Amino acid sequence: MPLTNSVTAIYTEVLPPRRLVYSSLADFMPGVVPYDVLTAVDLIPGADGVRVVLTLDAMHDEHWSKLMVMGWESELGRLAQVLQRRR
């Protein structure tokens, strides 16, 4: 696995400022035929701020689906830390 990779996304739904849905190509796994993965990002305003809800397509197997979830949890955790420092 490379340390970094480029992602090309095709936005299929854009509803500012509430929702983004995009398709990206999962083409970085050795021995796996590339396939599209759909991701939806919903922004839900609330009294305490904005809640981000991700809805992710499952990947080709449970292991890779778990890795994808862990990656997103890490990304969103770092974002939360940055936002917390700015309050």
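### Examining the overall build of the protein chain
Secondary structure assignment for the protein chain yields one helix and four strands. If you list the helices and strands of the protein chain from N to C, you get β-β-β-β-α. Principal-axis analysis of the C-alpha atoms places the extent of the protein chain at approximately 45 × 25 × 25 Å. Excluding contacts between residues fewer than 6 apart, the proportion of contacts in the protein chain whose partners are at least 24 apart in sequence is 20%. As displayed, the protein chain offers around 6,900 Å² of accessible surface, 59% of which is attributable to carbon and sulfur atoms. Charge centroids of the protein chain, computed over 8 positive and 10 negative side chains, lie 12 Å from each other.

### Comments concerning the packing of aromatic side chains
Applying the stated criterion to the full structure yields two aromatic pairs. Ring centres 5.6 Å apart and planes at 55° place the aromatic pair Tyr-11 and Tyr-22 in the tilted group. Residue Tyr-11 is located in strand β1 (residues 9-15), and its partner Tyr-22 is located in strand β2 (residues 19-26); the two are separated by 11 residues in the primary sequence. Its relative accessible area of 49% is what places Tyr-11 among the partly exposed residues.

### Topic: the side chain of Ser-23
Following the sequence through the fold, Ser-23 ends up in strand β2. Overall, the relative accessible area of 15% leaves Ser-23 in the buried class. When neighbours within four sequence positions are excluded, Ser-23 is seen to be in contact with Thr-8, Ala-9, Ile-10, Asp-36, Val-37 and Leu-38.

### Here we look at helix α1 (residues 62-85)
For α1, spanning 24 residues, the distance from its first C-alpha to its last is 35 Å, which sits close to the expected 34 Å at 1.5 Å a residue. What α1 keeps buried is the set Trp-64, Ser-65 and Met-68. Residues of α1 that are buried in the fold lie against β3 (35-46) and β4 (49-56). By the N-cap criterion, in which a side-chain oxygen at the helix start approaches the backbone nitrogen of a residue two or three places on, α1 is capped by Asp-61, the distance to His-63 being 3.2 Å.

Here is what the cut-offs are and how they apply
- Residues numbered from 1 in each chain as written.
- Predicted model: local features only at pLDDT ≥ 70, side-chain atom pairs only at ≥ 80, totals over all residues.
- Heavy atoms only, no water.
- Helix = DSSP H or I, 4+ residues; strand = E, 2+ residues; numbered from the N terminus.
- Contact = heavy atoms within 4.5 Å.
- Areas by Shrake-Rupley, 256 points an atom, 1.4 Å probe, with all protein chains shown as cover.
- Lys, Arg positive; Asp, Glu negative; His and termini not counted.
- Charge placed at Lys NZ, Arg CZ, Asp CG, Glu CD.
- Phe/Tyr/Trp six-rings, centres within 6.5 Å; stacked < 30°, edge-to-face > 60°.
- Buried < 20%, exposed > 50% of the residue type's maximum accessible area, 1.4 Å probe, protein only.
- Expected span 1.5 Å × (residues − 1).
- Polar contact = N/O pair within 3.5 Å; in protein donor to acceptor, adjacent residues only side chain to side chain.

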